[in-house]
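Each chain, written out:
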Amino acid sequence: MSDCVFCKIVAGEVPSEILFQNEQVVTILDINPIHFGHTLIIPRTHYRDFLELDPSCYSSLLEAARTVSAALVNGLNIKGFNLFSNNGVIAGQSVFHFHLHVTPRYENDDIRFVLKLKQYENGTMKQYADLLRSHIVLPSRTS
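So, here is what we can say about the structure in this document. Owing to the predicted nature of the structure, the values given are computational and were not obtained by experimental measurement. The residue numbers shown here count from 1 along each chain, following its written sequence. With the structure being a predicted model, the display of local features is reserved for residues of pLDDT at least 70 and the display and counting of side-chain atom pairs for 80 or more, all residues being used for whole-chain, interface and lining totals. Only hydrogens and water are set aside; all other atoms, that is, all heavy atoms of the structure, feed into the side-chain values.

What is expected of a backbone is that most residues other than glycine have negative phi and most peptide bonds are trans. One non-glycine residue, Asn108, lies in positive phi territory at about 60°. Numbering of helices and strands starts at the N terminus; helices are DSSP runs of H or I of at least 4 residues and strands are runs of E of at least 2. Checked against the element boundaries, Asn108 lands in the loop between β5 (100-105) and α3 (124-133). Think of it in three bands: with a 1.4 Å probe and only protein chains considered, a residue is buried below 20% of the maximum accessible area for its type, exposed above 50%, and partly exposed in between. Residue classification places Asn108 among the exposed positions, given a relative accessible area of 68%.

Before going further, it helps to examine the packing of aromatic side chains. Centre distance within 6.5 Å is the pairing criterion for rings of Phe, Tyr and Trp, where only the six-membered ring of Trp is used; planes under 30 degrees apart are then read as stacked, over 60 as edge-to-face, and the remainder as tilted. Throughout the structure, instances matching the rule amount to four aromatic pairs. Residues Phe50 and Tyr58 carry aromatic rings whose centres are separated by 6.2 Å and whose planes lie at 10° to one another, so their mutual orientation is stacked. For Tyr58, a relative accessible area of 37% corresponds to the partly exposed category. Their ring planes at 75° and their centres at 6.3 Å tell us that Phe84 and Phe113 sit as a pair that is edge-to-face. One end of the pair, Phe84, is in strand β4 (residues 80-84); the other, Phe113, is in the loop between β5 and α3, and 29 residues separate them in sequence. The buried category is assigned to Phe84, whose relative accessible area is 19%. Since its relative accessible area comes to 54%, Phe113 is described here as exposed. An aromatic cluster is present here, built from Phe50, Tyr58 and Phe98 joined pairwise through their rings.

And the structure:
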């Protein structure tokens, strides 16, 4: 996509700090990090969000996430990190080329996912489970 900044980064048209790359993904430092070292894992192919990803990309994404996470832990001497992806405007996605964030975490860094946990009542957990199970579609495998 000609107007996608991540496609331009992958093509080498926009400068970036590449940490690691393989055949399917490029990992770069985020230009606006939560913490220094915050890394983005970007598929070389343009996919709008997680649901558009080709399953052939999954293992390369996770390999890159593991590689970068280990570098953050060892290089920055951190005790934890977050992996996350925003999918859709309502979830905070601002660049519509799928990417996975890996961000270092520090004790008392005051970054919180503010959660208002709920409890299922009177059989509603089974109702949700039944509804979701009825929409699970497994990818077809060609042999």
